[in-house]
Structures are given as structure tokens and as C-alpha cells.
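Commentary on secondary and tertiary structure
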Amino acid sequence: MEQQVLGRTGRLVSAVGLGTWQLGADWGEVSESDARAVLEASLEAGVTFFDTADVYGDGRSEQAIGSFLKDHPDSGITVATKMGRRADQVPENYVLEHFREWTDRSRRNLGVDRLDLVQLHCPPTPVYSSDAVFDALDQLVSDGAIAAYGVSVEKTTEALEAIARPNVATVQIILNAFRLKPLDEVLPAASAAGVGIIARVPLASGLLSGRYTKDTVFAENDHRTFNRDGAAFDVGETFSGVPYEVGLEAAARFTELARDRVGDSLTPAQAAIAWAWQRPGVSSVIPGARNVEQARANAAAGDAGTLGPLFMSGVREIYDEMIKEHVHDKW
């Protein structure tokens, strides 16, 4: 597994990490035993970076990781969690008192004295321009409650504002073959500042695996069912905001590209993950996995050879011809 620096934390982490939203909620049911098996398989495959949030299953994802860490005290895993989405989404809630309350809860869930990395979880846009917010985060570092902090964003403008902050260690942003806008400004700015990029939704909620059809049915409690129009949270988190039918056609083109350029050496999903972590400035890519097979396959993409410029130009062609018109300006 390729190892890369996690921005200003200075930590080395696996180029392919594990997103654990699905271990908490919103992707259908995942049992405790299945969650543990995914974590075990990921570690065995070389994954040393887990991303979670206090809101995933209202703490269930954090607790699953905490139990796992207790049984693997010398694993070398870096855990990034997120905070803020359990409260009303108004800037007034992003204050030191609440930060202490939220991080204390995450520390209990994860069973640690100090959190490796805490990210503001897609907060209201005015939060990024508040000096008081970042002063409060600096205080948490001084207190020893957290080792470092970053932000998870929806908009490229939010990412750029956060990168300009001197103590922001990482920025998490949607980046995949259907979401190329961060390549133009965000990744170069992050690289120049030494800020790590955590790439989420690398498979566009599974579309880029090439496994879905117009007849695929997702569970009622899967966000790919209930959030296609952004009813629950930003629609960009579901299929990268691309209409499902358009995404299916573009995914078919991506599958053809992968077969032409890498043959049988990588599946389309692995090619999509490898493409993401190989973008300059990306520290780690965090695909989710609901079972052991997915976890192992995702991790294997962290050892993929360089995909090269022809693959990149093919991705750009699909994006320009099929996806770009559907991408919201704010993304």
C-alpha cells in the first residue's frame, strides 16, 4: 500500500483509507459483526486511515472503531472524525463550549484521550470566515483534546478559505471522475500550503463501480434512495449530484475507459480509486465498504501502478461531454 503524508499532521497514512459512514447508517443495514469484519480486512490489507463522524449512526460508527482499536492497540491506525452535524446548522453553534462537548463525546466513543484529527463536518459557509471558530479549534489542540483539525467541505470556495488558515491540517472534499472541479484550484492550493486532501465519495456512491443498472433497487434507509433530490442533505453527497440515469451512462463510458487502459489488472472501481489517490496533493481516498470483499478490493487499488495521462484525458472527456452540465456551480 502506498503511504502518503496527511497534510500538516505530518502522519503517514495509507493512500487508500476507509470511509465508515456505511458502518453507522444511511447505506442500509450493516451488522456489528460485518462492521468488525470490514475493519479487520481493511487493516490486514494495509489500510491505516479510518474516517468517521459523530453523526454516523449517532455514534455507532465511532463506537465500532473504538472497540476495534481497543483490540488492536498497536495497529498504527490514524482515525479522523467529524463534528457539528448533530446540532442545528447555524454558525452560532460553532463555539468552544460545543466543540468541547462534541469532542468529549467522540473521545468516549473511540476510547481515546486525544483525537488524531477532528474535522468540522460541512458547517454553514460563514463558519469558515470566523476567526473565533479557528481560535476555538486551536484551543482544543492546546488542551490536548485533539492532535490536529481540518474541515470537510461541500464547496470549492470553502476549501480555499480553509486552506488559507495557518493551522488547518486537512480538507476533505468530494473528488472523483464525475467531480473534477477541485483539480483546478483546490488541489494546487492545498499542495502549496502543505494541507492534505482527503478525497471522499471516490466511486460516486458506487456508480463508478459499473455494477448498477436502471433496475437496481436500494434499501429505503439508503441515502441513494432517499436523498437523490437532496431532501436530507446536500445532493452532491449522493451520486455526486449527477442524475442517476446520466450517471449510469457515464459510468458505462468509464468502464470502457478502464478496460481499454488497464485491461483486467484493475476493476472499474479500483481504477476510479487509483485515479483519485494519484492526483497530486491527495493524501488519502476514503471509499466505503460494506463487506470484506469490497474492503480488500478497495485496498488493493492503493498498490496500483500509475494510470498515466491517457487515462486522465479519458476521464476529462467523459466529464466534459456528459457530467459537466449537471454539476452545480458551488461544487
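See the structure printed just above.
Presented here is a report on the structure given in the accompanying data block. Keep in mind the model is a prediction, meaning the values are calculated, not measured. (Residues numbered from 1 in each chain as written. Predicted model: local features only at pLDDT ≥ 70, side-chain atom pairs only at ≥ 80, totals over all residues. Heavy atoms only, no water.)

Describing empty space enclosed by the protein
Basically, it comes down to this: Whether a set of points on the 1 Å grid over the protein atoms alone is a cavity depends on a 1.4 Å probe fitting there but being unable to get out, while an open set qualifies as a pocket with protein on both sides within 12 Å along at least five of seven lines; lining residues are those with an atom within 4 Å of a point. Grid points are joined across faces, edges and corners, and a volume is the space filled by probe spheres set on the points. Secondary structure elements are taken from DSSP: a helix is a run of H or I of four residues or more, a strand is a run of E of two residues or more, and numbering for both begins at the N terminus. For this classification, the nonpolar set comprises Ala, Val, Leu, Ile, Met, Phe, Trp, Tyr, Cys and Pro, the charged set comprises Asp, Glu, Lys and Arg, and every other residue, Gly included, is treated as polar.
Applying the stated criterion across every chain, the model contains one cavity of 30 Å³ or more. Reported here for the largest cavity is a volume of approximately 40 Å³. As for the largest cavity, its lining consists of Val16, Gly17, Leu18, Ser42, Val47, Pro287, Ala295, Asn298 and Ala299. Per-element tally for the lining of the largest cavity: the top contributor is helix 11 (residues 292-300), with three residues. Classifying every residue of the lining of the largest cavity gives six nonpolar, three polar and no charged.

Digging into the side chain of Ser152
The cut-off we apply is this: Two residues qualify as a contact provided that any one of their heavy atoms is within 4.5 Å of a heavy atom in the partner residue.
With respect to the helices, strands and loops of the structure, Ser152 is situated in strand 7 (residues 149-152). Residues within four places of Ser152 in sequence aside, it is in contact with Lys82, Gln119, Leu120, His121, Cys122, Pro123, Tyr128, Gln172 and Arg200.

Description of the environment of Gly7
By secondary structure assignment, the location of Gly7 is in the loop between strand 1 (3-5) and strand 2 (12-14). Between the C-alpha atom of Gly7 and that of Val90, which follows or precedes it by 83 residues, the distance is 28 Å. When sequence neighbours within four positions are dropped, the list of residues in contact with Gly7 reads Ala169, Gly194, Val195, Gly196 and Ser283.

Some words on the layout of surface pockets
Volume-wise, the second largest pocket comes out at about 270 Å³. In this structure, the second largest pocket is lined by 18 residues; those nearest its centre are Leu69, Ile77, Val112, Arg114 and Asp116. When grouped by side-chain class, the residues that make up the lining of the second largest pocket number eight nonpolar, five polar and five charged.

Notes on helix 9 (residues 244-262)
Because an α-helix packs 3.6 residues into every turn, residues spaced three or four apart end up facing the same way. Going by this rule: Any helix carries an expected span of 1.5 Å times its number of residues minus one. For each residue, the accessible area found with a 1.4 Å probe, counting protein chains only, is set against the maximum for its type, and the residue is called buried under 20%, exposed over 50%, and partly exposed in between.
For helix 9, with 19 residues, the first-to-last C-alpha span of 26 Å sits near the 27 Å given by 1.5 Å per residue. Within helix 9, the full set of buried residues consists of Tyr244, Val246, Gly247, Leu248, Ala250, Ala251, Phe254, Thr255, Leu257, Ala258 and Val262. The inward-facing, buried residues of helix 9 abut helix 10 (268-277) and helix 12 (309-323). Of the residues flanking the end of helix 9, it is Gly263, one or two places downstream, whose phi is positive at about 60°.

Things to note about unusual backbone geometry
A positive phi angle, close to 55°, is found at Asp58, a residue other than glycine. Even without being a glycine, Ala204 presents a positive backbone phi close to 50°. Structurally, Ala204 is set in the loop between strand 9 (196-200) and helix 8 (223-226). Ala204 gets classed as buried once you look at its relative accessible area, which sits at 0%.

Some details on the pattern of salt bridges
Filter applied, for reference: The term salt bridge refers to a side-chain nitrogen of Lys or Arg lying within 4 Å of a carboxyl oxygen of Asp or Glu.
Taken as a whole and judged by the stated rule, the model has 15 salt bridges. Between Arg107 and Asp104 there is a salt bridge; the shortest N-O distance is 2.5 Å. Note that Arg107 and Asp104 are positioned in helix 3 (residues 96-110) at a spacing of three residues, about one turn of the helix. We note a salt bridge from Glu321 to Arg253, for which the minimum N-O separation is 3.3 Å. Of this pair, Glu321 sits in helix 12 while Arg253 sits in helix 9, and the two are 68 residues apart along the sequence. Its relative accessible area of 25% is what places Arg253 among the partly exposed residues. The structure contains a network of salt bridges with shared partners spanning Arg36, Glu40 and Asp71.

Here we look at the environment of Ala190
Along the polypeptide, Ala190 turns up in helix 7 (residues 186-193). Between the alpha carbons of Ala190 and Gly281 there is a distance of 6.6 Å; along the sequence they are 91 residues apart. Other than its neighbours up to four places away in sequence, Ala190 contacts Ile163, Val195 and Ile197.

A few points about the packing of aromatic side chains
Put simply, the test is: Side-chain rings of Phe, Tyr and Trp (the six-membered ring for Trp) are treated as a pair once their centres are within 6.5 Å; stacked means planes under 30 degrees apart, edge-to-face means over 60, and tilted covers the remaining angles. Here, a charge over a ring is recorded when the distance from Lys NZ or Arg CZ to the ring centre is within 6 Å and its angle to the ring normal is within 35 degrees.
Summed over all chains, the structure comprises 11 aromatic pairs. A centroid spacing of 6.0 Å and a plane angle of 55° characterise the contact between Phe218 and Phe239, whose relative ring orientation is tilted. Of this pair, Phe218 sits in the loop between strand 9 and helix 8 while Phe239 sits in the loop between helix 8 and helix 9, and the two are 21 residues apart along the sequence. Take Phe218: its relative accessible area is 11%, and that puts it in the buried class. Among the residues examined, Phe239 registers a relative accessible area of 2% and is labelled buried. Relative to Phe311, the ring of Phe254 has its centre 5.8 Å away and its plane inclined at 85°; by these criteria the two rings are edge-to-face. Linking Phe254 in helix 9 with Phe311 in helix 12, this pair joins segments that are 57 residues apart in sequence. Across from the ring centre of Tyr244, 4.4 Å away, lies the NZ or CZ of Arg228, which sits over that ring.

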